[in-house]
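What the coordinates show
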Amino acid sequence: MVNEAGSWISQRRTSSRSSEDGWIEALRRIVGPDACLTSKAELYAYGCDGLTLDPHQPSVVVLPQSTEEVVQVVRACRAAGRSFLPRGAGTGLSGGAHPLADAAVISCARMTKILNLDPRDRLATVQPGVVNADLSVAARAEGLFYAPDPSSQQACTIGGNVAENSGGPHTLKYGTTTNHILALELVLPDGGLVQLGSATGGATGYDLLGACVGSEGTTGIVTEITVRLEPLPEAVETLLVVFGGVPDACRLVGRIIRGGLVPAALEVVDRRTVEAVEASVYRAGLPQDAGAVLILELDGPACALPAQIERIRALAAETGASEIRVATDEAERARFWRARKGAFGAMGRLAPDLYVHDAVVPRGRLPEILEEICAIGDRYNLKLSNVFHAGDGNLHPNISFDRRDPEELERVVAAGREILEVCVAAGGVLTGEHGVGTEKRDYMGMLFGPDDLDAMKRLRATFDPQGVCNPGKIIPSTRACIESNPKARGYDRVPFT
Amino acid sequence: MKQMLSADLKSRLEDASDSPLRLHDPSRGYAGVSLEGVAEPADAGALSRVLKVLDEQRSPVAILGSESRSWLGNPLKPTRMGISTARLSGIDEFDEADGVIRVGAGTALDKLAERTARSGWWLPIDSPGRGGTVGGALATALCGPRRRGFGPVRDSVLGLDTVLAQGAHVRCGARVVKNVTGYDMAKLYVGSLGTLGVIERAWLRLRAAPESALIFQASIEGAVHAEGLAVARRATTRAIAVVDESLIPFGAPHLGRPPRLGKRHRLIVEFAGDAPAVDQDGNWVADELGAEPAPADAIESLRDLQILEFPIGVRVRFHTRPSQAEQARMLLERGGARCLICPEPSVLTAWFEAGLDEGEDPWWLDQVFAVVDEVRAASSAEAIIEALPDWARGRRDAFGGSPVLGLMRDLKERFDPNGILNPGRFVGRL
């Protein structure tokens with residue numbers, strides 16, 4: 001139903017130099033010359049997102065400032081027969097912002113206004129380039145915060161979060177981005193402008209808003225977002241529980257869930273990560289011999305938390321915890337979180353490159369699946385560590401490697417695939433928060449059959465019948481088998497500079 | 001079987017569903033039509049075969065659960081066949097450690113809730129009225145007084161098995177509680193009134209039963225939405241409603257007499273969670289509003305009230321922002337309506353009752369619609385007409401249209417190209 005990436009483009013595109021120049025000139029007139037990037041050096045930074053393998057140079061990068069400019073840019077692209085894609089901060093980890101098919105990048109980096117912050121209705125309307133953490137900072141004065149908190153929240157944008165349906169450590173209690181979006185203003189791939197959803201939370205008809213969140217920029221360019229804000233909790237308690245190994249930590253997570261407790265966060269950090277963190281600038285004062293640590297955050301009415309802590313102490317003792325620390329002040333709380341949030345940075349000590357994998361399994365199967373994942377890492381002779389959202393069953397096996405070694409790169413890709421196969425066989429899925437993008441597009445067949453994927457194509461075609469908006473993402477192409485080969489995907493031609 | 005359904009089609013449908021067609025009670029009707037036969041497939045394969053036959057014949061079909069919420073939506077376009085999910089019922093898998101469950105669409109909500117409660121889990125689906133099936137609750141996506149605590153229906157759906165109009169059996173989502181693998185297709189099917197596909201099975205996320213739950217009621221007046229909103233925003237509020245006292249004898253008599261006489265509205269609130277926090281909120285509402293303990297079945301009574309229908313009357317549901325709800329309530333009451341208000345998210349259900357001399361007078365109905373339109377315009381509210389007198393059904397789109405109807409029509413055509421699934425019932429008469 002939807003053309004494969006770029007097929008419509010290749011039919012429509014005019015190849016003459018003058019028409020190419022005319023298109024770029026049209027874009028410059030819309031956004032201004034400084035906001036239209038065309039030199040190779042300028043375009044280089046937009047060739048990929050946080051998945052730095054397999055970059056693709058865009059044809060042009062435009063940085064509009066308003067909805068009207070986005071509408072005009074999209075129409076200009078359509079008139080020139082060019083595909084295009086939106087881009088937030090480029091912190092995504094699945095290649096969702098890779099400009100395939102010579103696409104134009106529409107960066108939202110200059111659309112950074114908080115248009116409205118309404119404490120009475122507990123909502124805010126923002127442009128897509130607003131940084132996630134900045135919104136919570138702005139809302140704090142009103143006793144509110146924006147709940148989705150991806151690890152990259154100091155840099156990632158609300159628009160990017162909408163595209164990826166981003167999660168974060170506090171997803172367990174507060175849900176992912178989709179649970180907090182009330183309405184979107186969307187520039188359709190044909191240049192039309194629509195409002196999806198409603199600030200009332202009660203829009204009638206099909207839930208197109210819900211279908212667009214997490215669509216990885218394939219249904220249009222989001223230009224305004226109305227989000228729900230949450231009240232700051234009255235009290236927060238952060239605990240650090242030390243175990244001899246990851247399986248025991250996972251067992252405590254299972255006991256907590258089964259016991260009816262709903263912590264705000266349940267994050268596990270394994271031994272290899274503890275070692276890396278403690279040897280880095282993120283040092284959190286963790287026991288060097290810890291096999292795993294569980295960072296556990298409780299929030300809610302102050303009167304309820306002491307009893308919850310006591311219940312957790314009892315459950316932790318039953319599951320073999322060797323130590324429990326309760327943060328006594330904000331500084332200690334921040335130190336506990338450094339063990340989690342500094343983990344990816346600390347991994348830089350292990351190898352030049354880090355592949356941050358993402359999969360989800362039923363929570364009850366975490367201990368056995370983690371053992372299998374570690375066995376895969378050992379079998380492929382890879383440095384594999386685990387930092388993950390245990391409360392959601394959302395795993396992040398991290399593989400430290402050196403892309404300059406093509407043989408090691410092959411092993412990284414093969415191990416990554418095996419990890420997904422193990423997770424899917426256990427009733428899990430390919431991604432919990434990073435998205436499909438290009439990274440997992442060709443693995444979609446592990447989880448979905450042709451009819452399932454065809455239904456997704458029908459949805460996409462409703463918004464973008466000609467497949468011009470962020471082509472080549474999510475839906476596997478008929479060439480999937482060939483492209484799943486890492487060399488065919490271009491991993492071997494990535495410069496290391 | 002009546003003669004209008006051809007013997008050939010009947011035979012093919014019975015072969016496809018591996019069972020005889022059931023007669024539909026001719027005295028009941030369904031969404032404005034009389035059904036001549038109902039297929040009862042027992043599994044996804046049979047459901048797929050039945051739909052293929054109907055699609056080939058371009059034969060419209062009504063999708064039936066327990067028929068307890070057939071009042072929602074527009075009347076069906078002429079339709080002779082129904083498909084019941086009655087035999088697609090039962091629990092396939094219940095992971096009691098993880099709080100997730102896979103059930104058939106025809107599973108009765110009350111029995112399912114009883115089963116999960118025995119294991120310490122709440123089924124967070126709170127449909128108005130009583131009875132109903134899982135498939136019906138998901139297809140209508142209606143919320144009751146516990147919407148404050150449970151969130152919208154869609155938040156409880158982890159995965160769906162659906163059969164599309166042309167027989168494709170498609171799956172979306174999974175059993176895990178966090179998932180961004182591909183498009184979030186479940187969002188499309190939930191709340192679509194069965195017009196995009198027939199929900200066959202679902203993975204649902206359950207909620208841990210709270211340590212403590214207490215229900216209170218208080219008589220209030222004046223800025224009642226603001227009062228209700230303050231209560232709704234307490235940390236442990238799970239259910240809340242503010243009700244026009246005059247509705248209670250008709251729709252929720254179990255609530256009994258008001259705590260105080262002479263006040264127009266009654267607030268009912270349920271706090272649930274950790275015992276110290278529930279006690280704290282209970283003490284607060286008693287001190288601030290003079291609230292008293294409410295009957296144990298107060299929440300069920302509110303659900304009954306939500307579907308109250310007067311012999312000649314109109315029921316309309318409005319969604320507003322909290323800041324605009326008070327204005328909406330005042331406009332409605334000035335226009336003769338009586339309201340049930342859920343303060344956050346702000347949903348007002350308004351009843352207009354015709355007087356004896358207004359009977360079947362179109363002028364009365366026009367007056368009601370004028371009030372509805374005034375509220376919509378003044379409060380930027382969405383309005384859904386839930387009940388109309390029989391003689392007035394179909395005069396107006398029950399959903400009031402949508403600014404993105406073109407996209408919705410396109411979506412419908414891609415999923416149901418021959419328009420056989422519940423034709424005419426949804427927004428824009430899709």
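Residues numbered from 1 in each chain as written. Chains lettered and ligands numbered in written order. Predicted model: local features only at pLDDT ≥ 70, side-chain atom pairs only at ≥ 80, totals over all residues. Heavy atoms only, no water.

1. What about the sheet that holds strand β8 (residues 181-187) of chain A?
Residue and element names in this part refer to chain A. Across the sheet, which stays open at both edges, the five strands sit in the order β5-β6-β10-β8-β9 with antiparallel pairing between neighbours. At either margin of the open sheet sits one strand with a lone partner, and together these are β5 (114-118) and β9 (193-197). Each adjacent strand pair in this sheet contributes to an overall mean axis angle of 10°, direction not counted. Pairing analysis gives four bridges linking strand β6 (residues 123-126) to strand β10 (residues 221-228), with the strands arranged antiparallel. The residue of β10 that forms the bridge with L123 is R228. In this fold helix α5 (residues 132-140) packs onto β5, β6 and β10, with an angle of close to 40° to the strand it touches most, β5. (Pairing = 2+ DSSP bridges. Helix = DSSP H or I, 4+ residues; strand = E, 2+ residues; numbered from the N terminus. Axes fitted to C-alpha atoms, helices over the stretch in contact; angles between N-to-C directions. Contact = heavy atoms within 4.5 Å.)

2. Looking at the nonpolar core
Of all hydrophobic cores here, the largest spans 181 residues; its most connected members are B:Y189, B:L204 and B:F352. Of the residues forming this core, the biggest block, nine residues, is contributed by helix α15 (residues 406-425) of chain A. Ignoring sequence-local partners within four residues, the contact set of B:Y189 consists of A:A455, B:L138, B:A139, B:L160, B:T162, B:L164, B:V170, B:C172, B:L196, B:I199 and B:F415. A:A35, A:C36, A:V60 and A:I106 belong to the second-largest nonpolar core, a separate cluster that totals 31 residues. (Core = buried A, V, L, I, M, F, W, Y, C linked by side-chain atoms within 4.5 Å. Buried < 20%, exposed > 50% of the residue type's maximum accessible area, 1.4 Å probe, protein only.)

3. As for the domain arrangement of chain A
Residue and element names in this part refer to chain A. Annotation of chain A at the domain level lists domain 1 (21-107) and domain 2 (235-425). A C-alpha centroid distance of 37 Å is found between domain 1 and domain 2. With four residues of domain 1 in contact, the opposing surface of domain 2 contributes five residues. Summed over both partners, the interface of domain 1 with domain 2 buries about 310 Å², with 73% contributed by carbon and sulfur atoms. (Domains from an automatic or database assignment. Buried area = accessible area lost by both parts, 1.4 Å probe.)

4. Quick word on the pattern of salt bridges
Evaluation of the coordinates by the stated rule reveals 61 salt bridges over all chains. Measuring nitrogen to oxygen at the nearest pair gives 3.3 Å for the salt bridge that ties A:R333 to A:E330. A residue pair is termed a helical-turn pair when its members lie 3 or 4 positions apart in one helix, as A:R333 and A:E330 do in helix α12 (residues 330-341) at three residues. The class of A:R333 is partly exposed, set by a relative accessible area of 22%. Residue A:D402 pairs with A:R404 through a salt bridge whose shortest N-O separation is 3.0 Å. If you follow the salt bridges from partner to partner, you end up with B:D92, B:R102, B:D161, B:E200 and B:R201 in one network. (Salt bridge = Lys/Arg side-chain N within 4 Å of Asp/Glu carboxyl O.)

5. Description of unusual backbone geometry
The linkage connecting B:E344 with the following residue, B:P345, adopts the cis geometry, with an omega of -10°. For B:P345, the position within the fold is in the loop between β16 (338-342) and β17 (347-353). Positive phi is not limited to glycine here, since A:D54 has a value of about 65°. Within the secondary structure layout, A:D54 lies in the loop between α3 (40-44) and β2 (60-62).

6. Some points on the sheet that holds strand β15 (residues 313-319) of chain B
Residues and elements named next belong to chain B. Here eight strands make up an open sheet; going across it, the order is β14-β11-β13-β12-β16-β17-β15-β18 and the pairing antiparallel. Of all strands in the sheet, those with a lone pairing partner are β14 (292-293) and β18 (382-387), marking the two edges. Here seven bridges tie β15 to β17, and the two strands are oriented antiparallel to one another. Within the sheet, the bridge partner assigned to V316 lies in β17 and is A350. Relative to strand β12 (residues 237-244), helix α7 (residues 224-232) is tilted by about 165°, and along the sheet it contacts β11 (212-220), β12, β13 (265-273) and β16. Packing against the sheet, helix α10 (residues 298-306) makes contact with β11, β12, β13, β15, β16, β17 and β18, and its axis sits at approximately 50° to β12.

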